[in-house]
Structures are given as structure tokens and as C-alpha cells.
Amino acid sequence: MKAVRLHAYHQQPVVEDVPDPVVKGPLDVVVRIGGAGVCRTDLHIIEGQWAEAMAPVLPYTLGHENAGWVQEVGSAVTNVAVGDTVILHPTPTCGLCLPCRRGHDMHCENSSFPGLSHDGGMAEYLLTSARACVKLDPATRPQDVAALADAGITAYHAVAKAVPLLRPGTTCAIIGAGGLGHIGVQCVLALTAATVVVVDRNPDALELAAQLGAHHTVRSGEGQDAVAAVQDRTGGRGADVVLDFVAEQGAENEGFAMTARAGSYFVIGYGGTLTVPTLAIISTERNVIGNIVGTYPELAELMVLAQAGKVTLHTKTYPLAEAGQAIADLDAGRVRGRAILVP
Ligand SMILES: [Zn+2]
Ligand SMILES: [Zn+2]
């Protein structure tokens, strides 16, 4: 089969032939990929930022946002059958450790991360496990939902944690209306009555956010004072919740600065360094909250919103062979919403 393989850090991945994956264990599932999202994390992987944490053996196949159809199942698989349409939780988990039993899929002690720790789904087929499969309405086109498997679940997870804080009358600032952020905007609007302010340096992204129903949009970047603009729209208080889908290139420090007293700053994007005097944390009782992907039930809930049309992904599809172009377009900021590879 064809697969998008990373051979060395700081070099573009290449599309090449590799053997098809096969079922080995009783709970293994091989999925025929219908869509694989291209994510900023892929850019970070190529730059080597995940090398130490995930220690993949190069070369390997990228792709951690996957959906498709079940192709082959192991002898003990009962929850899906050959031909089922599925979206895949990004980390196949063991189901037996304490974090799994608490429902904290991302903290499973025995999980793997296809696309980061070993072969992922930018390919014709992917090996995963029964526990990762969320069965979908057969009418669903995998390419339309693939990015919800990581970008979507990550945005939804943060929003779900913020929901109890977002009572009517509160304000939620969302930094970055790109691949994750534009899903975050829709989730906040679907789940809360908060006022939504979207901050982005790109006017096209702000336009998309406004079309999705954001109440206010604020330009950030050079020559702009996004912190002051958010304070202006909140009577000088700042936002009760800030969801930072960028968290690099200075957005992280602006994000904390625009958080209201006793408010919460959610870090979802990454790459930058948050510099905060501890005095500023205690004197204002602001919270800084980390977020990594999400749980299996959260992915299932997000699919309910997607199938009800309350969360739609803005996508641009590319044939698998044009993965290099998709990655270059994402890197250059030419993708509105999400780039999806279709084998
Ligand atoms: Zn991703
Ligand atoms: Zn586990």
C-alpha cells in the first residue's frame, strides 16, 4: 500500500510503498482509511519536537486523525464488523489500568499513539484496536469527520471541561480559529450561552469564526492589542475562560493576560513558553489548565454533535499522493479549516 513516511527530522515525508498491516492480536482491527487529517502536530513531528516524548523508530507513517471502514478484525472483536464505518480514538488503550477504568483514556498506562509513536493513518490501511473504534452511521463519509478524531476531540475535551465555568453572562475568548479553534467555537456555541470572542491574526479565520456564530472577533498580531480589545468587550474584566488553540509565538502570554480574575486559561495549542509571575497567579486566582486530546465518550459525544449538523468541519481534501502539498499549505497558512488526505 501507499503511505506517507517520515525518514528523518527536518525533512519532508515521502509517499512510498510499504506492506499492508495485518491483524495479529485478538483485539486488533485493520481499517481501510477514508480520510486522514493533516495537523499542526505533524509539522511539529517533522521538526523533531515529539522525538523524545514518543521515540518512534524512523521511518514510520504519519497520521493520527483517522476514519474509514473496518477491513479485518481479530478473533475477539465484537463491537465492530467488517464494512462498518468508524472514526478512531487516537490512542488505542488497554481498558484494564486504573486511568482507563476512570475513563481517562489519554492517561492509559499501556496505550500507543499511531502516527506519533508508530505507523499512523496517512496510508491506505491502519492497524488499530477494537477499543479505539467509534462506530458511525454508514452514511457518514470518513473524509468529512476524520479530523474530529484528534483536532475535534481535543477542542471538545477542553470545551467540555470549561462548560461548568461558562454560565450565561460569562465570556469565552478563543485564541486561534484554525483547524482546532473553528471546532472549539462551534462546541462552545452548541453547549453554552456564553459570549464568544474569537482572537486571530488572520482576517480570513476571523471571517470564518463570525460565519460560525462568534459574537465578536478581534485581530491579534503585529500592531494589534488583542488583550486590550478583549478587555474592552468585557467591561475591563477580561474573559472568564480563555481557550488558547495557538499557545505559541506570544499568544500564550496574551492569553493569560486577557483572563479575568478567578478565570481559567486553557492551554490547548503548544510550542511557546508561558511566563507568569506566581504573584499574578495567587493575587488574581487565575487557573492554568492543560489539555491533551480527550476521552472515548467525548469523541462519541462529538460525533452526536457532528451528525446533528451542530459541528461541521471546514475541510480541503488532497489525494494521499499530494501529502507534501497539504503539509506545505498548512505550514504556509493556506488551509482554512482542515487539510484531509484521501487515499
Ligand atoms: Zn492532530
Ligand atoms: Zn489503560
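Our structure is the block above this text.
Being a predicted model, the structure only gives us computed values, none of them experimental.

## Describing the overall build of the chain
Helices and strands together make up the secondary structure of the chain, namely 12 helices and 16 strands. Taking 343 residues into account, the globule formula puts the C-alpha radius of gyration at 20 Å, and the chain, at 20 Å, falls close to it. Along the first, second and third principal axes, the C-alpha set of the chain runs to 60 × 40 × 40 Å. Buried positions account for 54% of the 343 residues belonging to the chain. Of the contacts made within the chain by residues no fewer than 6 positions apart, 68% connect residues no fewer than 24 positions apart. Roughly 14,400 Å² of accessible area belongs to the chain as shown, and the carbon and sulfur atoms make up 51% of that amount. Taken together, the 23 basic and 34 acidic charged side chains of the chain have centroids lying 5 Å from each other.

## Details of helix α7 (residues 203-212)
For the α-helix, the turn length of 3.6 residues means that residues three or four positions removed from each other point alike. Three or more residues of α7 are buried, namely Ala205, Leu206, Leu208, Ala209 and Leu212. Down the axis of α7, the sector holding all buried residues measures 160°, keeping them to one side. Looking at the buried residues of α7, the elements they touch are α6 (181-191), β10 (195-200) and β11 (216-219). The backbone nitrogen of aspartate 204 lies 2.8 Å from a side-chain oxygen of the residue at the head of α7, namely asparagine 202. Just beyond α7, the residue with positive phi is glycine 213, at close to 115°.

## Topic: the nonpolar core
In terms of nonpolar packing, the biggest core is built from 82 residues, with Ile87, Leu148, Ile174, Val198, Leu243, Met303 and Leu341 touching the most fellow members. The element that contributes the greatest number of residues to this core is helix α5 (residues 151-162), accounting for seven residues. Contact partners of valine 198, with chain neighbours within four places excluded, come to Ile174, Ala177, Val185, Leu206, Ala209, Ala214, His216, Thr217 and Val218.

## Quick look at the coordination of the zinc ion (ligand 1)
Coordination of the zinc ion (ligand 1) by the protein is provided by Cys39 (SG), His64 (NE2), Glu65 (OE) and Asp150 (OD), with metal-donor distances spanning 1.9 to 2.3 Å. Here the zinc ion (ligand 1) binds four donor atoms, and the angle range of 90 to 139° at the metal identifies the geometry as irregular. Taken in chain order, the donor set of the zinc ion (ligand 1) reads C-x24-H-E-x84-D. Linking cysteine 39 in the loop between β3 (28-38) and α1 (40-46) with glutamate 65 in the loop between β4 (60-61) and β5 (66-73), this pair joins segments that are 26 residues apart in sequence. Residues cysteine 39 and glutamate 65 agree in their burial class; the two are buried.

## What to know about the coordination of the zinc ion (ligand 2)
Protein coordination of the zinc ion (ligand 2) is provided by Cys94 (SG), Cys97 (SG), Cys100 (SG) and Cys108 (SG), with donor distances spanning 2.3 to 2.4 Å. Its four donor atoms give the zinc ion (ligand 2) angles of 100 to 119° at the centre, a pattern that matches the tetrahedral case. Along the chain, the residues donating to the zinc ion (ligand 2) fall in the pattern C-x2-C-x2-C-x7-C. Placement of the pair is cysteine 94 in the loop between β6 (85-88) and α3 (98-101) and cysteine 108 in the loop between α3 and β7 (125-129), with a sequence separation of 14 residues. According to the relative accessible area criterion, cysteine 108 is buried, its value standing at 9%.

## A word on the side chain of threonine 154
Position of threonine 154 relative to the elements: it lies in helix α5. Every residue in contact with threonine 154, bar those within four places of it in the chain, is listed here: Leu180, Ile268 and Val293.

## What to know about the sheet that holds strand β1 (residues 2-6)
One open sheet accounts for three strands, arranged β2-β1-β4; its pairing is antiparallel. The sheet terminates laterally at β2 (14-17) and β4, the two strands that pair on one side only. Sheet topology note: the β1/β4 ladder contains two bridges and is antiparallel. When the sheet's bridge partners are listed, leucine 6 is paired in β4 with tyrosine 60.

## Overview of the packing of α5 against helix α11 (residues 296-307)
Closest axis-to-axis distance for the α5/α11 pair is 9 Å, and the angle between their directions is 100°. Taken together, the axes of α5 and α11 lie roughly perpendicular to each other. Touching Gly152, Ile153, Tyr156, His157 and Ala160 of α5 are Glu298, Leu299, Glu301, Leu302 and Leu305, all from α11. Broken down by class, the residue content of the contact of α5 with α11 amounts to six nonpolar, two polar and two charged.

Conventions used here
- Residues numbered from 1 in each chain as written.
- Chains lettered and ligands numbered in written order.
- Predicted model: local features only at pLDDT ≥ 70, side-chain atom pairs only at ≥ 80, totals over all residues.
- Heavy atoms only, no water.
- Helix = DSSP H or I, 4+ residues; strand = E, 2+ residues; numbered from the N terminus.
- Rg over C-alpha atoms; globule rule 2.2 N^0.38 Å.
- Buried < 20%, exposed > 50% of the residue type's maximum accessible area, 1.4 Å probe, protein only.
- Contact = heavy atoms within 4.5 Å.
- Areas by Shrake-Rupley, 256 points an atom, 1.4 Å probe, with all protein chains shown as cover.
- Lys, Arg positive; Asp, Glu negative; His and termini not counted.
- Charge placed at Lys NZ, Arg CZ, Asp CG, Glu CD.
- Arc of directions from axis to C-beta.
- Polar contact = N/O pair within 3.5 Å; in protein donor to acceptor, adjacent residues only side chain to side chain.
- Core = buried A, V, L, I, M, F, W, Y, C linked by side-chain atoms within 4.5 Å.
- Donors = N, O, S within 2.8 Å, 3.2 Å for Na, K, Ca; no water.
- Tetrahedral: all angles 85-135°; square planar, octahedral: opposite > 155°, others 65-115°.
- Pairing = 2+ DSSP bridges.
- Axes fitted to C-alpha atoms, helices over the stretch in contact; angles between N-to-C directions.
- Parallel < 35°, antiparallel > 145°, perpendicular 65-115°, else oblique.
- Nonpolar A, V, L, I, M, F, W, Y, C, P; charged D, E, K, R; others polar.

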